[in-house]
Every structure is written in structure tokens, then in C-alpha cells.
Amino acid sequence: MKKYSEEHEWVKLQNGIATVGITAYAAAELGDITFVELPEKGKTFAQGEAMCVVESVKAASDVFIPVGGRVAEVNPRLEDTPELINASAEKDGWICKLTDVNEKELEGLMTEEQYKAFTAEK
Amino acid sequence: MQLIYEKSFPGRRGTSLPELDVPAGNALPPTLLRQKPAELPEVSELDGVRHFVNLSRRNVSVDTCFYPLGSCTMKYNPKFHDRIADLPGFADLHPLLPQLRHGGALTQGALAVLYETETLLCDLLGFAAFTMQPLAGAHGELTGVMMMAAYHKDRGEKRSVMLIPDSAHGTNPASAALAGFEARTIGTDANGNTDVEALRRALSKDVAGIMLTCPSTLGLFDPNIREICRCVHEAGGLVYGDGANFNALLGRVRPGDLGVDVAHVNLHKTFATPHGGGGPGAGPVGVCEKLVPYLPTSRVMKRADGSYVLEYQFPKTIGYIAPFYGNFGVIVKAYAYMLTLGRDGLRRVSDAAVLNANYLRAHLRQAYHEPFDRPCMHECVLSAKHQIKQGVHALDIAKALLDAGFHPPTIYFPLVVPEAIMIEPTETESKQTLDAFIQAMLDIARLAETDPARVKAAPRTTPVARLDETRAARSLDLASRPAAP
Amino acid sequence: MPYVAMTESEKQQMLAQVGVGSLDELWRQILGAETLPSFERLPCGSSELKVTRHLAGLAHRNATDLMCFVGSGFYDHFIPAVVGEVAGRTEFSTSYTPYQPEVSQGTLQAIYEYQSAICRLTDMEVANASMYDGGTAFFEAMMMAVRITGRRRAVVLGSVSPIYRTMLQCYCSNLDVELVMTPPALQADVRSIADLLTPDTACVMVQYPNVFGVVEDWRPLIEAARERQVLSVCSAYPMALARLMPPGQMGFDVVTGEGQSLGLPLSFGGPYLGFLATWMKYVRKMPGRICGRTVDQNGKPGFVLTLQAREQHIRREKAMSNICTNEGLCALRALAYLTFVGKQGLVDVADVCAAKAVFAREQLLRIEGVRGYDVPFFNEFVIRLPVEAGEVVGRMIERGFAAGFPLGRYFADRRNELLVAVTEKRTREDIRGLAAALEAVLNECR
């Protein structure tokens, strides 16, 4: 199940593990991404908390965690190739994987269709 | 152009240096000596001079071309100011001298400059006192909001929120945060003014105050400013005035009269001291009577006998914001500027600054979108809204201006206007210069219609073309390292 | 009217274009009912000649022939004329922060070369484009350590300049950061300081050489800090680094300092230059402007401001710092100074300073009742007088000498101590004169 937040993050839940990243729309808005400050492994965040920062030439944006959980893994490739997010925001450019996910919180997020409509308004 | 390090040759010496006329020796600990000299340049004086002179030729500046950078007030910097700041009586003066016994007598001239500059600024802005300590505009903001924090704390009030209009400079929220405040944004209404209704709703006993820029970064005078000040005061808050745009008000309007409690001015904008390619500036802060006890220490006082003295005993002071008395070498230039222009001259500065900006506006609004249809003050904010239909952005227009021989206006600020182009001509430019600029802007607008690709290919005539900023940020090269031995 | 180009006839033409009959009408449209203020103290304008005479008169009321042995972090070094000449080019001074890199390559390359010079002098990997002064740079370094460690406590040594310690206190007054000041000592007791480095400590902050002019080996303290994951920050005197083990080699995490000694006049307290350098692993936590080398569309090398996304004009209240400008022209001066003095020249200047300081100390210690401390120093040292030093300094001023800084002003238990700085500008005769005058003054006081 893949869901989207109003802050332009996506989250995909599989076997209790949530993979999180920023949306292709957000990546395009930010432009060439130059650096990702990855979240700290082992750290627990509540839904909506800022977990890391994505930098492009003209902006540095907080990434707000779309569901609460504990950071179990971060995408090691982003350290050297932040441009992965531009190339593949919703696949290879994932940012982290969470355990201890509060699955109920997913209900409040948007579906892909809803998110498409949400960004179309902008 | 090669780096100075690449021009170095082992063993080459530069300038003549003072000789050793005592026995050689030192008291350095032998275990803590540097193993080999730092790899600094090794060039002759002539090669060094050529390097810097050629570097300077790769810059444009107010002294080479029109530089209408909005919000930065790039006016002419009179040359005799530099001569004055370089006088040995000022340039060679050690800042600790007045802190020595009988040392005050040896710094009367410098203390007079500080005191008299404060006095003139008080008169010009309508304040009770000024501190000359802040070393730049943002430093002045910080000083001001720290005084606001001290005021509320002293009254036993916990007020943690600072209101900041969305059109404000980014330094405002950053300064508020550094003074321990939570920044809360207030919107702009359809006319480009601060949204007074939103402000009223935001006011509470948690609000320490508001940081207003007057005129706003949209170049507009807010007709509600007195009302805004009244509302904030009624709620127990204070009003900070960001004086970055004070050039528009010189001799016409005094922030203190409007109800502003504390404000900074940028000597490097309004008072014609050079910007220096990004500093040094100076950001003196003025306060109304009730904030005087919180001013940074030390303060210069004038005794009954006409002599000047530094005072330190102010129990409620926020403390030391700078190591000494401010950027003295900048302050003395601003003092000379105020004395030269005087009350009438300063008023003519704002007259000409405002008329020049409105003259540009009158011509350029034919071709560029104007977000707010009303007379501006010292700068006019337009946008590239019409041009983006052809794929031409504010950035492209800026780069095309480089080829026309002008420094571009500020772009993409204020943030509340998408594709903003913010033009501040200042009072020191002649009508001929403005006309040439107008022509260039209209030519670019026409070219954006007929041949947008050409606009997007600019600049072509500069020492380098558009630079790869993504590469700069991804593969950081921030210093040249010495070659391995 | 000076500096306003507009003539009366042009004004009328322009008003017509704007569509108003007069300036008053334009002002009324903008300001509404606001009325003109009247000024009480602002004078009428004066000519350039008159203003120059007035200010030259004020300059003349300051001491111009005082023999300066006062340092305390701000030194009367020789500045070759060529430094002011090239840094005075108005293509540099009358430009703004280089936001348009295509027409600012001069400023940008100079910043890059300045950053490189600071890295080479401190033996660090990266430096920013400069800050207001040594004190604000020191504070920013502390905030960097707070951001990097997530801890909110800083241990500041008592041998850091009181000027910087009071500035830190001022800046921290509204922040949730605890400052712990250790007692001032000529030489630090590493073990007792290490005990203060608790698990919630972000950094330990020292000065090199310290405020008493003493050169200390900070390696044991840095080591103790590192064992506790505490960062080490220093404020260094750049001229001393020509000869001393660079802070980077010592192992500091952040190095700051006052750059005034690198070609900037004393100028009664400013403008000065704060430098700040660190390691690449911390670069994204470093405040201030940073210039980077890149290429243009055609592959030609060039320079831009980079990592700007962290700064206040984009990040607003979440920015690394509220600082907007650097001290561009001062950094340029420092670069010019380091260029013209050069690699060997800087070592020579430092050697001359150090030798003259040794000579001066010997001369002064020959005076009856004057004592010293047996500690390593660079160009500044403490002597103990038989009487209160502040009084002696006052009398020395009447004899034409700023003999040093009386430490009693900062440290109550050091009332008889005088901090004497010697630069390359003081000659053998000047130093002998100082000793003779001090001897005479002390005889008066007895």
C-alpha cells in the first residue's frame, strides 16, 4: 500500500516495514538535489516530525515523516549520489525504511489519485 | 584566471618588511613549532598587484555601471570618505585606549564621531538613543530583538512569539530565532500591505512584537503603519522597524514618530558607505525612551564640560554585542555623509530616490507585470509573469541585462511575488542612465517575445557564462590545497 | 546638490512621465497625511572641504604619536602600502555580495583564495568567506558545535579574552545553551577542565595563545574532549600561526580568530575580520557565505557562492545563522596582506615580533621590582609591577607610551599586572624608551 502526505512524502508499507521518500513532484519542484542529510538510524519519530533535510541549489527542505516509526535503514546510495532522488524519487531514491510503524496513521494520508489531484491544484 | 597560488614561484619575495634590530630569538615552546611554513603565495609585489588589479576588472560595481539591486541601495559612495577613514588619527587608533587611565583624553575625536553620529541619527529617525555597535544590518536586527526580549523579561512577562510579515527579509526570522523567539508569519493583503486583520487575530499576550520593514520590501509605504503600531502596543508588544529601506524615508518620515520602538539602519545602504563586495557594513540601532536601559554597553556620553566618555554601568543592558564600539571605520564615513548633505540634502535624497523609482515604474509597467498598481517608494517590484509564457524567467532577464552592460535588479525577492524583479535605482543616477536602462529592459521584453532562446542564452559578453551551481554544490571545491611535497 | 544628479528641468520631465504635478503631490499619494518632521540637531549641509577640515580636526584630537604596546587581541602591525592600494580598488569596494557570479568573478575568486589562505594557515580543510569579527566567529563556532552534537552546554576557558567571554554571554542570554566558565589561569590545568566535560557538553573553547599571551599545548585537552565526544574550538591569533603548530594539526574541530592582524588597521575597533575554519565533515553545519569553484556552461573554470540553501535568505528562521553579509573587503585585505608579505615574509614578521618581545621583556625585567612569569609566549607577555598597573599606565600615557593593558581591569587578582605586546613596528629604541619611562614612573610611584 502506497500513501502520500500533503508535505510531499510517500510511504509504502510492506510486511510491517514502511519505506519513505519524497515524491517525484517534490523532487521536480526542488530542482537538482545536491545533498541529503539522512536521518539517524535507530531514531524514533512521531508522524509529521522533521526527520531529515534535502538540499538543492536554491532550497533546503525539511522532510517530514509521513507516519511515525523507528528508522531501521537509510538509503546508503544517497550519500554519494543525491541525484538519485531526481532520477527516481519514488523507487531508487527512497530515503529510509521504518519499523514500529503506527499503521493507523496511514489512513489519514492520501492515495495516489488523491495526491495527483492535490498537486494538480497547485 | 590563474589562482594566486598557481602564480607562486618558490623563493620569490613580495614586499619589504621591517628589519630585525634586536638579537634573534623567541620564547616559543620548541615542541609547539610549526614544521614548515604555511603555503602562502610567493610572488613579487608587481605580480601580486597585477593579480588583484586583473581580478578587480572581473567585477562590475557601482563605479563601473548602473547597479539597481533592489533592497540593497547601491548608491554612489563619495571618495573623500575613504580619505577621512584612513587618517592616522582614526585608522591607527587602538580600541582599548579609552579603557586606560587618561586614555579617554587621547580618543576624544573618535568618541566625538560616535556620539555626534548617534545624535544625528536620533534626530533623523526620531529616537531617544542609538547604539553604534552592531556590525551589519542583520546584527542590528539581532541587537534590536534582544533588547525587546530583555524588555519583556524585565517586566516579568513571557512573550515568545515574534510576528513577521511574509514579505520580510529572511534575516528577520533568523534574527528572531537567535534571540529565542518563535517566528510567526503574517500575510500580505491584496494591496501589498500587511494584513491588519490577520495581525489582529495573531496578537495575544504571547506576542513580543512585530518586525516591520518600512517601506516594505515591495517598495510600498503601508498606510496602516500607525494603526499596526497602535494594535501591537495595545497588546503589550513592541514594534521593530527594519530600516533596510530607510533611504526612501530620509528627512520625510521618522520611524519613531510612526510608533516604531526600535529600528536599525544600514549605513552601507542609506548612508553611502561602500558595500565592499559583502561587508563591512554597520547596523546602528535606535530606540525609544523605554528601551534605552537595555542598549548594549559601553555607551558614549557627553559630559557637561563638553568632553566625551565611555560609560559601562547599565544594569539592564543586554551586554556586549561587538568587541568595541562598532565598525568605526564605516561609521566615520556615514558621519561625513550626513554632515555633507545636511537636513535639506538628505530630504533631496529621498525625493530623487522615490522619483527615480517611479519614473522607472512608469516606463517598465508597459512591458512587465506590476503586482500592485500604486506609486512605489525607493524601488519598484515588477515580475516576469508575462515573459514566462515564452519560457523566459526573471533569471534570464537578469542575465540578458548583464550583456546590456547593467548589473541586474534583485530577482526572486520578495518571495510573495513569483518571478519578482525588484529595481532600486537610488538617487545618485541620472535620467540618462535610467533611460538607457529602460531601453534595455524594453528591448529584452521584446526579445523575449520574438526570440526567447536568445534571452535564455545570455550572458555572452561576461568573463564567464552561466555557472554550474549544481556541480559546485555536489562536488565541493572550497579551497585550493598545496601540492603534495 | 552633491550626489544627486537630477536637475530641475529633468525633475519636471520625470514628474510629468510619472503623471503627477509635483513632488509634493507624489509624496501625498504615497504617504497620505504624514507631515514633514522638523529637525532640531541635524545641521544644514556643508562642502566637502569644510567636512574634511572638521573631521581632520577630530582625528587630530586622537593620539597619533603614542607608542603602542597594547595588544590584547588587537595588534599594531605594519601594513604595506600596496595592501591598501589593491584592496582600495573601487571595483571591489563598490560591489555587492556576489549574487551574479558572471560579473563578480573578481570578488568570488578573491574569496576562494582567502578561504584557501585561511585553510593553509590553520591547517584545516574548509573556511567560510569570513564573519564580523573574532568574537562573533567564536560564538558561531559554539553554535556549530551545538548543532553537530545536539548538546547544549559549552565549557569556556578562563584564559579566553574577557571581551569574547562577555560576547558569548550576551549572545547566549536568550538561547537554551549553558556556558560554563573555568577560573582564569596563566596555564590550564587539563585534568580539572576535563572533569567539566560532561556527556551533555557540546564543546570546550580555548584561545591560542591565551589572553595572557601564553602559548599552551592543547593536545591533551583536545584528546580528553574527543574521548567524551566533545568538540574542541579555538580562537587563534593568525600572526602567531606563522610559527606555531597549526590548530588543525593539534586536532581542533573548529578554528576561529580575529583577522585584524592580517593587514587591517586598528581603526578604533572595526571593521575587523572573523575567520572560521573546520573539517569537510562539518561543512554543512558551518555558517556564513562559502565560495566554491565550478565550471561555466562552456567548461571554463569559475566561482560561485555555494551551499546557500542553508542560509537565512532561504531557510529563514531555520538558517544556520542570521548573518547575511561577510566582511568581504576585510577578507580581501587579509588575502592581499598574506600575498604581499608572502610565505617566508609572514614567518619573518612573526620572528621579528617574537624576538622584539623577548628583548622587551628582558629590558623590562631589569627594572627593580618588575617580575615576570616563566612561561612560553609569542609577542605578548605579562609583567608584575610593584604598584597598581592601571595607575602606572596612566602615567606612562603622559610620557607618550601606551605601555600595555592593565590586567586588573579584567581580573581583580591581577591589579599589579601589565600585559605588554610588541609588534615588528616597535624599534630597539622604542623598547628602550619604554623601559626607561617605566623605570622613571615606578620611581615616581615609590
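Not measured: the values here are computed from a predicted model.

Rules of the game
- Residues numbered from 1 in each chain as written.
- Chains lettered and ligands numbered in written order.
- Predicted model: local features only at pLDDT ≥ 70, side-chain atom pairs only at ≥ 80, totals over all residues.
- Heavy atoms only, no water.
- Phe/Tyr/Trp six-rings, centres within 6.5 Å; stacked < 30°, edge-to-face > 60°.
- Helix = DSSP H or I, 4+ residues; strand = E, 2+ residues; numbered from the N terminus.
- Buried < 20%, exposed > 50% of the residue type's maximum accessible area, 1.4 Å probe, protein only.
- Lys NZ or Arg CZ within 6 Å of the ring centre and 35° of its normal.
- Axes fitted to C-alpha atoms, helices over the stretch in contact; angles between N-to-C directions.
- Parallel < 35°, antiparallel > 145°, perpendicular 65-115°, else oblique.
- Left-handed = near helix turned anticlockwise from the far one by under 90°.
- Contact = heavy atoms within 4.5 Å.
- Nonpolar A, V, L, I, M, F, W, Y, C, P; charged D, E, K, R; others polar.
- Buried area = accessible area lost by both parts, 1.4 Å probe.
- Salt bridge = Lys/Arg side-chain N within 4 Å of Asp/Glu carboxyl O.
- Polar contact = N/O pair within 3.5 Å; in protein donor to acceptor, adjacent residues only side chain to side chain.
- Pairing = 2+ DSSP bridges.
- Domains from an automatic or database assignment.

1. Here's the deal with the packing of aromatic side chains
Geometrically, a pair of aromatic rings is defined through the distance of the ring centres and the angle of the planes.
Right, on to step 1. Counted by the stated rule, this structure contains 28 aromatic pairs over all chains.
Right, on to step 2. Aromatic side chains Phe 66 of chain B and Phe 437 of chain B sit 5.1 Å apart centroid to centroid with 80° between the ring planes, which places their arrangement in the edge-to-face category. Here Phe 66 of chain B is found in the loop between α1 (45-56) and α2 (80-85), whereas its partner Phe 437 of chain B is found in helix α12 (residues 431-450), with 371 residues between them in sequence. Across the pair, exposure class does not vary: Phe 66 of chain B and Phe 437 of chain B are buried alike.
Right, on to step 3. Summarising the aromatic geometry, the rings of Tyr 325 of chain B and Phe 268 of chain C are spaced 4.8 Å apart at their centres and angled 35° between planes, so their arrangement reads as tilted. You can see Tyr 325 of chain B sitting in the loop between β9 (308-311) and α10 (328-364) and its partner Phe 268 of chain C sitting in the loop between β7 (254-258) and β8 (274-278), one on each of two chains. Per residue, the accessibility class of Tyr 325 of chain B equals that of Phe 268 of chain C, and both read buried.
Right, on to step 4. Here the aromatic residues Phe 90, Phe 324, Tyr 325 and Phe 328 of chain B together with Phe 74, Phe 268 and Tyr 272 of chain C are joined through ring pairs into a cluster of three or more.
Right, on to step 5. Lying across the ring of Phe 35 of chain A, Arg 284 of chain C places its NZ or CZ 3.4 Å from the centre.
Right, on to step 6. Above the plane of the ring of Tyr 373 of chain C lies Arg 384 of chain C, whose end atom (NZ or CZ) is 4.6 Å from the centre.

2. Section: the packing of helix α4 (residues 108-125) of chain B against α10 of chain B
All names here are of chain B.
Right, on to step 1. Look at α4 against α10: their axes get within 10 Å of each other, and the N-to-C directions meet at 45°. Taken together, α4 and α10 sit at an angle that is classed as oblique. The crossing of α4 and α10 is left-handed. Mapping the contact onto sequence places Ala 110, Val 113, Leu 114, Glu 116, Thr 117, Leu 120, Leu 121 and Leu 124 in α4 and Phe 328, Ile 331, Val 332, Tyr 335, Met 338, Leu 339 and Leu 346 in α10.
Right, on to step 2. The residue makeup of the contact of α4 with α10, split by class, is 13 nonpolar, 1 polar and 1 charged.

3. Overview of the interface of chain A and chain C
Right, on to step 1. Facing the 12 residues of chain A at the interface are 8 residues of chain C.
Right, on to step 2. Counting the surface lost from both chain A and chain C, the interface buries some 740 Å², and carbon and sulfur atoms represent 44% of this.
Right, on to step 3. Connecting chain A to chain C are 2 salt bridges.
Right, on to step 4. In this assembly, chain A and chain C are joined by 2 residue pairs in polar contact (both at pLDDT 80 or more).
Right, on to step 5. Within the side of chain A that touches chain C, the residues separate by chemical class into 5 nonpolar, 3 polar and 4 charged.

4. Re the sheet that holds strand β6 (residues 231-236) of chain C
All names here are of chain C.
Right, on to step 1. The strand order across the open sheet built from 7 strands is β2-β8-β7-β6-β5-β3-β4, with neighbouring strands paired in mixed fashion. Of all strands in the sheet, those bounded by a partner on one side alone are β2 (126-127) and β4 (178-181).
Right, on to step 2. On the sheet, helix α6 (residues 105-122) packs against β2, β7 and β8 and is oriented at approximately 70° with respect to β8.
Right, on to step 3. Helix α8 (residues 162-172) rests against β3 (153-156), β4, β5 (203-208), β6 and β7 of the sheet, and its axis sits at about 160° to β4.

5. Considerations on the interface of chain C and chain B
Many descriptions give the size of an interface as the accessible area lost when the pieces come together.
Right, on to step 1. Each partner contributes to the interface: chain C provides 194 residues, whereas chain B provides 204 residues.
Right, on to step 2. For the pair chain C and chain B, the summed buried surface comes to about 17,200 Å²; carbon and sulfur atoms form 64% of the total.
Right, on to step 3. On the chain C side of the interface with chain B, the three residues burying the most area are Tyr 3, Arg 120 and Phe 268 of chain C, jointly 6% of the side's total.
Right, on to step 4. Taken together, the connections running from chain C to chain B amount to 9 salt bridges.
Right, on to step 5. Where Lys 343 of chain C meets Glu 42 of chain B, a salt bridge forms, and the shortest distance between an N and an O atom there is 4.0 Å.
Right, on to step 6. The interface formed by chain C and chain B contains 90 residue pairs in polar contact (both at pLDDT 80 or more).
Right, on to step 7. With 25 residues, helix α13 (residues 328-365) of chain C is the single largest residue contributor to the side of chain C that touches chain B.
Right, on to step 8. Along the lines of polarity and charge, the residues of the side of chain C that touches chain B split into 102 nonpolar, 54 polar and 38 charged.

6. Examining helix α14 (residues 389-398) of chain C
It helps to recall that an α-helix has 3.6 residues per turn; residues three or four apart then point in one direction.
Residue and element names in this part refer to chain C.
Right, on to step 1. Of all 10 residues in α14, 7 are buried, a share of seventy percent or more.
Right, on to step 2. Along α14, the positions that sit buried rather than exposed are Ala 389, Gly 390, Val 392, Val 393, Gly 394, Met 396 and Ile 397.
Right, on to step 3. Where α14 is buried, its residues contact β13 (401-402), β14 (405-406), β15 (417-421) and α15 (428-445).
Right, on to step 4. A side-chain oxygen of the first residue of α14 lies 3.0 Å from the backbone nitrogen of Gly 390; this N-cap is Glu 388.
Right, on to step 5. The first or second residue beyond α14 is Gly 400, which carries a positive phi of 90°.

7. A few points about the domain arrangement of chain C
All names here are of chain C.
Right, on to step 1. Domain annotation for chain C reports domain 1 (67-74 + 342-445) and domain 2 (81-338).
Right, on to step 2. Counting from both sides, the interface comprises 22 residues of domain 1 and, opposite them, 27 residues of domain 2.
Right, on to step 3. Together, the buried faces of domain 1 and domain 2 total about 2,100 Å²; carbon and sulfur atoms form 71% of this surface.
Right, on to step 4. Sorting the residues of domain 1 by area buried against domain 2 places Phe 74, Leu 346 and Phe 378 first, and these three jointly supply 31% of that buried surface.
Right, on to step 5. Applying the counting rule to domain 1 against domain 2 returns 1 salt bridge.
Right, on to step 6. A salt bridge links Asp 351 to Arg 243; the nearest nitrogen and oxygen atoms lie 2.7 Å apart.

8. Section: the packing of α10 of chain B against helix α1 (residues 8-18) of chain C
Right, on to step 1. Where α10 of chain B meets α1 of chain C, the axes come as close as 9 Å, and the angle between the chain directions of the two elements is 45°. Considering the angle they form, α10 of chain B stands oblique to α1 of chain C. Remark: the crossing between α10 of chain B and α1 of chain C carries left-handed chirality. On α1 of chain C, the residues touching Leu 355, Asn 356, Asn 358, Tyr 359, Ala 362 and His 363 of chain B of α10 of chain B are Lys 11, Met 14, Leu 15, Gln 17 and Val 18 of chain C.

9. What to know about the pairing of strand β8 (residues 69-74) of chain A
When a strand is regular, its side chains alternate between the sheet's two faces.
Residue and element names in this part refer to chain A.
Right, on to step 1. Bridge count between strand β5 (residues 44-45) and β8: 2 bridges; the pairing is antiparallel. In the sheet register, Thr 44 faces β8, and the bridge partner there is Arg 70.
Right, on to step 2. For β8 and strand β9 (residues 96-99), the ladder comprises 4 bridges, and the chain directions are antiparallel. When the bridges of β9 are listed, Val 71 appears paired with Leu 98.

10. Describing the sheet that holds strand β3 (residues 17-22) of chain A
Right, on to step 1. Read across the sheet, 6 strands follow the order β1-β2-β3-β9-β8-β5 (chain A) without closing on themselves; strand pairing throughout is antiparallel. Every other strand in the sheet has two partners, leaving β1 (2-4) and β5 of chain A as the edge strands with one partner each.

11. Considering unusual backbone geometry
Trans peptide bonds make up most of the peptide bonds, and negative phi angles are found at most residues other than glycine.
Right, on to step 1. For the bond running from Gly 279 of chain B to Pro 280 of chain B, omega is 5°, close enough to zero to count as cis.
Right, on to step 2. Locating Pro 280 of chain B in the fold gives a position in the loop between β6 (262-265) and β7 (285-287).
Right, on to step 3. Put simply, Gly 270 of chain C and Pro 271 of chain C share a cis peptide bond, and its omega is 5°.
Right, on to step 4. Looking at the element boundaries, Pro 271 of chain C is found in the loop between β7 and β8.
Right, on to step 5. Positive phi outside glycine occurs at Thr 426 of chain B, with the angle close to 65°.
Right, on to step 6. Within the secondary structure layout, Thr 426 of chain B lies in the loop between β12 (420-423) and α12.

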